[in-house]
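Coordinate inspection notes
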Amino acid sequence: MKKVLMVLLLGAVCLALAGCGKARDLDFEAWYDIDADLCPEERTLSYREKAVVVNTGTDEAEELYFHIYANMFKHLYQVEDGDIAVTSVWDGGGRALDFERMQEGVLYRMALDEPLKPGEGMELTITCDGRIPDLERKYGVSPDGDVHLPLFAAQLAVFDEDGWDIDPLPEEGDGRYAEAADYALTIRVPEGYTVACNGTETGCETADGVTAYRFRADKRRELVVMACRDYARRERTVGGTKILGYFNTAVSGVTERSMDQVMDWAAFALGYYNSFLPDYPYDTLVVTNAALGSNVAVNMEYSGMLTVYITEQNGGYASRLGAYHEVAHQWFYGLVGNDENREPWLDEGFATFATGLCLEASGAEDVEGTYWDVYAVSDETLPGRKVNVGPDKAEVYEFVVYNRGCSFLKRLMDAVGREAFLSLLGTYCRDNMYGVARTEDFLSALYAGTDRDVSALVDEYIG
Ligand SMILES: [Zn+2]
C-alpha cells in the first residue's frame, strides 16, 4: 500500500504476525459463503458466513483460528469506534461452538467439540455484527460518503511451520497473512447504493427498496467491499481482464480527466506486468478512489482491487505512481502471498521496484536520475540494514522495507542483466502462484536464473 499525506503526497506503510510453534502437520483448505446486510446510514454491517474447512494435513485439529482483519484498523490507527464482533458459531450439526475473542477482535479461537481429522471437512456458520466507524485511512464511511469495508470477513488463519499465526498485532504496516481461498458474497444495501467488490459481480436485484448484489471472488486472499451512492464508472480491457473503475465524484480531485488518467495508468501497468510476469488470472480488476479521512488518503492493494488517491497536482504524478505500485501488488502479495508481518519486503520492496520498471516503460520521465535515485538514498542512509525483517524490527520501516528492498532488487537487476532478471521474477511468481513465498523462494529463483555471483549483494541485504 501507499499512504498519501494530503499535502506532501509522500508515503507508505504495510506489516507482521506469526505463530505459536508446534511441529504438527496441519494444513487446510477453506472456502466461504457470506450473506451480508450493509446499512451505511445506520453504520451497521451484519453477516452470516458459512466457512467450509478441510483438514489436508496428517494430524487432527482440535481448534481453529480465524482472523477478522478489519478489526486491526482500530488498533493501527487508534480509532475508538467500529468493530465487527462474532456473535455465534455453529458447526454443521447445528451445535453451538465455544469461541474466544483475542487480540482486540482481530483473532478468534474456535473450539471444536470433536477434532477435525485428516482428510475430513467441516462447515462452520459464523454470525457477526459490525459497527462501521468514520473513515480513518482504509476503513469506514468517508466524509464524502464512500464506504470502505476491506477485510471484513472471518477468514481461517494460516497454519505454517511455526503453527497457527497468532502473533501479536503489529504496530505498523498492513499486517495480513492469508492463504488464497474462494469467496461467494451476497450483500444487501439500501436502493441507490452501488457496491464494488474485489470479485466478479454475478447478479444484482432490487426489490422493496433494497438492492442485493452477488459476487464471486475465487483464489483471493481477502474479501473487500466498497459502496457509494455517487460512483462514476469507467472500464478498460487488458488481455482477459476488465478493469472496472468506481470513483466517488464527491471526492476532491476526482474529475473526468483524473478518472480517465488513473484508468489509463492502471491499464498500462497491468499490460506491462503481464509482459514479464504470469498473466493476470482474474477476469476483473477493480480500481477505486482512496478515501480521504482526516487529511490522509491511503492507496491500498487487495486481491482484485486497488485504491488510488486521485489528484491532479504535479500532473497527477503521485496518482500515476500509486496506480503502478498498487497494480504491482496484484502479483506481490495478491498472487504470490507473503507474511506481511515477517517479510513485508516481499510485497513492498517488490512493488516499489516494479513501479520503477513500469515508470521507465511508460516513458514518463528519465527514471535514471530520479525514481531509482530516491530509493538508492536509503542505501547511503542505512547501509548494511537487512531488508527481510518485520516492521517491528525495522526502525525505519518504509526506508528499509520499501526503499532498500527496491534498491536491492535494482542492484540485482543491474548485476544479472535486465532480461535475465525479469525472466527469473516471472519464474518466481509462477512457482509461488496462489501460495505463500519466503525470501528463500526468491533466492532460489535468483540463483537458478543467473550464473553471475551475486552472493555479496545478497549478504549485504538479506539477514
Ligand atoms: Zn505497497
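Computed from a predicted model, the values in this text were never measured in an experiment.

Before going further, it helps to spend a moment on helix α3 (residues 317-328). Compared with the 16 Å implied by 1.5 Å per residue over 12 residues, the 17 Å span of α3 between its first and last C-alpha is a close match. Among the 12 residues that make up α3, 11 are buried, leaving the element largely enclosed by the rest of the structure. Buried within α3 we find Ala318, Ser319, Arg320, Leu321, Gly322, Ala323, Tyr324, His325, Glu326, Val327 and Ala328.

This part covers the sheet that holds strand β15 (residues 194-197). Spatially, β9-β10-β18-β15 is the arrangement adopted by the 4 strands of the open sheet, whose pairing is antiparallel. At either margin of the open sheet sits one strand with a lone partner, and together these are β9 (140-141) and β15. Relative to strand β18 (residues 224-228), strand β10 (residues 147-150) runs antiparallel, the two being bridged by 4 bridges. From the neighbouring strand, His148 faces β18, where its bridge partner is Met226.

The pLDDT averaged across the chain works out to 92; a share of 94% of its residues lies at or above 70. Note on residues 3-21: pLDDT under 50 across the span, and 81 contacts to partners over four residues away in sequence or across chains.

Below, the discussion takes up unusual backbone geometry. The residue Glu104 is not glycine, and still its phi comes out positive at about 60 degrees. Tracing the backbone through its elements, the reader meets Glu104 in the loop between β6 (99-102) and β7 (107-116). What makes Glu104 exposed here is the crowd of 12 C-beta atoms within 10 Å. Phi is positive for Lys219, close to 55 degrees, though the residue is something other than glycine.

All right, on to the environment of Leu38 then. Along the chain, Leu38 falls in strand β2 (residues 28-39). When residues no more than four places from it in sequence are discounted, the contact partners of Leu38 are Leu45, Ile187, Val189 and Ala227.

Parameters at a glance
Residues numbered from 1 in each chain as written. Predicted model: local features only at pLDDT ≥ 70, side-chain atom pairs only at ≥ 80, totals over all residues. Helix = DSSP H or I, 4+ residues; strand = E, 2+ residues; numbered from the N terminus. Expected span 1.5 Å × (residues − 1). Buried ≥ 20, exposed ≤ 12 C-beta atoms within 10 Å, placed from the backbone. Pairing = 2+ DSSP bridges. pLDDT = per-residue confidence, 0-100. Contact = placed C-beta atoms within 7 Å.

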